[in-house]
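# Understanding the architecture of this molecule
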Amino acid sequence: MINIYVGNLSYQATEQELREMFASHGEVGNVTIIKDRDSGRSKGFGFVEMNDNSAGLRAIDALNGKDLGGRPLKINEARPREERPRRDRFGGGRSFGGGGNW
């Protein structure tokens, strides 16, 4: 299985459009457009899983730069997600101790 990053999506793009676009290149698994947690609006990128690695690589070659919704897609093999430090609820992960006058 190959996980494919699809970037530069228009905010109106749908998971169904991505599924149909990739389906012509092989069997498609999960399709996810990443959305903002608060607003529910697309963040402009998503992921497509394809069951066959070689079909996925061919899809990347064929679809990278292809227009969808007036925008050229940026498509490549997804990299593993990097762990980032968790932010505290005040938006920072910084310490408030030591010298501040509150």
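Everything here concerns the structure above.
To keep things clear, this report deals only with the structure shown in the data block. (Residues numbered from 1 in each chain as written. Predicted model: local features only at pLDDT ≥ 70, side-chain atom pairs only at ≥ 80, totals over all residues. Heavy atoms only, no water.)

## Quick word on the nonpolar core
A general trend in soluble globular proteins is that nonpolar side chains are found buried together. Counting 20 residues, the largest nonpolar core has Val6 and Phe22 as the members making the most contacts within it. At the level of elements, β1 (2–7), α1 (15–23), β2 (28–35), β3 (42–50) and α2 (53–63) are the ones that each hand at least two residues to this core. Looking at this core element by element, the count peaks at four residues for α2. In this structure Phe22 touches Ile4, Val6, Val28, Val48, Met50, Ala59, Leu63 and Ile75, once residues within four positions along its chain are discounted. (Core = buried A, V, L, I, M, F, W, Y, C linked by side-chain atoms within 4.5 Å. Buried < 20%, exposed > 50% of the residue type's maximum accessible area, 1.4 Å probe, protein only. Helix = DSSP H or I, 4+ residues; strand = E, 2+ residues; numbered from the N terminus. Contact = heavy atoms within 4.5 Å.)

## A word on the packing of aromatic side chains
Scanning the entire structure with this criterion turns up three aromatic pairs. With a centroid separation of 5.9 Å and 65° between ring planes, the pair formed by Tyr5 and Phe47 is classed as edge-to-face. Here the residue Tyr5 occupies a position in strand β1, and Phe47 occupies one in strand β3, the gap between them amounting to 42 residues. On the basis of relative accessibility, which here comes to 25%, the residue Phe47 falls in the partly exposed class. Taking the centre distance of 6.0 Å and the plane angle of 90° together, the rings of Phe45 and Phe47 count as edge-to-face. (Phe/Tyr/Trp six-rings, centres within 6.5 Å; stacked < 30°, edge-to-face > 60°.)

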